[in-house]
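Architecture and fold: a report
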Amino acid sequence: HENLKSFPKDFLWGAASAAYQIEGAWNIDGKGISNWDKFVRIPGKTFKGTNGDIAVDHYHRYKEDVQLMAEMGLKTYRFSVAWSRIFPNGKGEINQKGLDFYNDLINELIEHHIEPILTIYHWDLPQALQDEYGGWESRQIIKDFTNYCITLYKAFGDRVKYWVSLNEQNVFTRLGYQTAMHPPGVKDDKLFYQVNHHASLANAAAIKAFRSHVPDGKIGPSFAYSPAYAATSKPEDVLAAENAEELASHWWMDVYTWGTYPQAAWNYLERKGIAPEVEEGDLELLKEGKPDFMGVNYYQTTTFEKNPLHGGTSEGHFNTSGEKGTSEDTGIPGLYKTVRNENLNRTNWDWNIDPQGLRIGLRRITNRYKLPILISENGLGEYDKAEEDGSINDDYRIEYIESHVKSIQEAVTDGVEVIGYCVWSFTDLLSWLNGYKKRYGFVYVNQHEEGEHDLRRMKKKSFYWYKAVIESNGENL
Ligand code: BG6
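Under an unreviewed UniProt entry, the protein has the name Aryl-phospho-beta-D-glucosidase BglC and belongs to Oceanobacillus neutriphilus.

Here it is in C-alpha cells:
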C-alpha cells in the first residue's frame, strides 16, 4: 500500500443540493415562476410527470435538515438560491421574503458551525426572462444576471465566503439547446454555442463584480467533468478522445481560466458555421472573470473511438452527466463516438462507476489550469428501500463514496489541491427527470411519485458511515 498523504486539516467535508430539487413552496411567499415550474407541466417530460411543487419541502423543514447536518458533523453544505424567489420577474423589485428565507438558512448553518457554499444558479431561470427575451439566448441576460448576483453578494457576502457561480453550464446549455431534454427544449447547434457564450460572459461578469463586493470570498463555476478515455491505443481512437476532451471539456474550462476558446474546436465549429458570434470586448471580459477554484461535479468517465465522417454514427450529443446512460452510441461524424467501457461496472441508471477516473480528472485539471479544486458534486443515484424497522441499508452507496474518497486522497498525494468534497446529496431529492425513485441522499425522505409521502426523514446506513469519515478527517475509511 502506498503511503498516502492526509487530508488537509480544514478540508471541507460536505454535501450538496439545489433549490428546485429540495425546496418545494414553488409559489409561496412571493416566489415567481421558473422555467422548471413550467417545463415539468408539459406532459411526458419527467418520470410520471413528477414536479418540484413540494419536492422534499425543505423550505418549511430547513431547521430539521440543518439539525441532521449538524448531527452528522458536516463541515460544509452547498445549496442554491432560486433566482425567482429573489426577483419574481428576474429583475426589478426585490422580494424581501425570498432574501429572508436564505438569510435564515445561512444563519442556521453558521450557528451549527457549517460553512455555507452558495450556488447562484442551479438551472432554475425566472420564466419572465425566458418569455421576455429568450433567457440565455439574449445578451440582455448578462446585465440581469449580474444584478441578481450583486444583490446576493450584498445580502449574504458578510457571512458566505464560498460561492459557485453557474452549476454545470455545459449541461444546462446542452440539455436545453442540443438534446431538448431540459427547458426550453430546443435542438439547435448554432444557438447552443451562442447561448453558451452568453452564459460564459455572464459568469465572467459575475466573478468580476464579486471582487469588489466580497473581497475576502472565493468563487468559481461548477463544471460537469467527464474525463475522456480512448477505447484502444489505436492513434485514431486516441485522437477521438482528444477531440472529445477539447470540444466537451476544454471548451468550458479554458474559457473560465484563460478567457480563450481551444483552437482546434474553434476551427472545427467555424468550418461548420456554428461558432458563436463574439463581439468586441467579449474576450477581455472573459479574461477578467478568472475563478479562485475549479468546481468539479464528477460522476463518470466517457470512452471514445474514431467516428468516420461517412458511415459512422449519425449526429448526436453525449451528455457528460449521463442522463441518457452510456449504452447509447452517440457522437459527431469525423470527430468521435462514445462506446461502452467494458472494464467498468455500471449503476442501475447505466452510469459508469469509475473512482480512478476522478483521480485522473483531478490531475488533468491541476496540470492544465493550476487552480485549487472544489469537488462540488459526486454521488450515487440508486433505488433505496426503507425496511419495516426504518433502516435503509445502502451499502452500495458507502462502497461508492468510499472508493471515490480514496481516489481523492491518492490525488492529494499526487499533489492536487482539493479544498472540499460535497457528496450529492444530503437528503433525498427530486432527480430532475427521474422523479423520487432515483435517490442520492444520506437521509431518506418518505416522498414518492405515488402512495405514501409524509416527507418523514430517516437516516440511512451511509449517514453514520460518512459521520465517522468526517470525524476522522478521512483517516477512518
Ligand atoms: C448533476 C446536477 O448534473 O447531477 C444535479 O448538478 C443532479 O442537479 C445530479 O441531480 C444527478 O443527476 P440525476 O439526473 O441523476 O438527478
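A word on the site of the ligand. What surrounds the ligand is a group of 17 residues, the closest being Gln21, Glu168, Ser431, Lys438 and Tyr440. Within the side chain of glutamine 21, a nitrogen or oxygen atom sits 2.8 Å from an oxygen atom of the ligand. A distance of 3.3 Å is found between an oxygen atom of the ligand and a side-chain nitrogen or oxygen belonging to tryptophan 424. Taken together, the residues that form the shell around the ligand break down as six nonpolar, seven polar and four charged.

We now examine the pairing of strand E1 (residues 12–16). Counting buried positions along E1 gives five out of five residues, so the element sits mostly inside the fold. Both faces of E1 are covered, namely the face carrying Leu12, Gly14 and Ala16 and the face carrying Trp13 and Ala15. Pairing of E1 with strand E14 (residues 418–424) involves five bridges; the strand directions are parallel. For leucine 12, the partnering residue across the bridge sits in E14 and is glycine 420.

Two side chains that carry opposite charge are able to pair once their charged atoms sit near each other. In total, this model carries 34 salt bridges according to the counting rule given. Here arginine 346 makes a salt bridge to aspartate 350, at a shortest N to O gap of 3.7 Å. Exposure remark for aspartate 350: the relative accessible area of 19% places this residue in the buried category. The residue lysine 467 makes a salt bridge to glutamate 471 at a minimum N-O spacing of 3.6 Å. On the criterion of helical spacing, the pair formed by lysine 467 and glutamate 471 is a turn pair, its members being four residues apart in helix H15 (residues 461–471). Taken together, the shared-partner salt bridges in this structure form one network comprising Asp384, Asp394, Arg397, Asp428, Arg439 and Lys460.

What counts and what doesn't
- Residues numbered from 1 in each chain as written.
- Predicted model: local features only at pLDDT ≥ 70, side-chain atom pairs only at ≥ 80, totals over all residues.
- Heavy atoms only, no water.
- Near = heavy atom within 4 Å.
- Polar contact = N/O pair within 3.5 Å; in protein donor to acceptor, adjacent residues only side chain to side chain.
- Nonpolar A, V, L, I, M, F, W, Y, C, P; charged D, E, K, R; others polar.
- Buried < 20%, exposed > 50% of the residue type's maximum accessible area, 1.4 Å probe, protein only.
- Helix = DSSP H or I, 4+ residues; strand = E, 2+ residues; numbered from the N terminus.
- Pairing = 2+ DSSP bridges.
- Salt bridge = Lys/Arg side-chain N within 4 Å of Asp/Glu carboxyl O.

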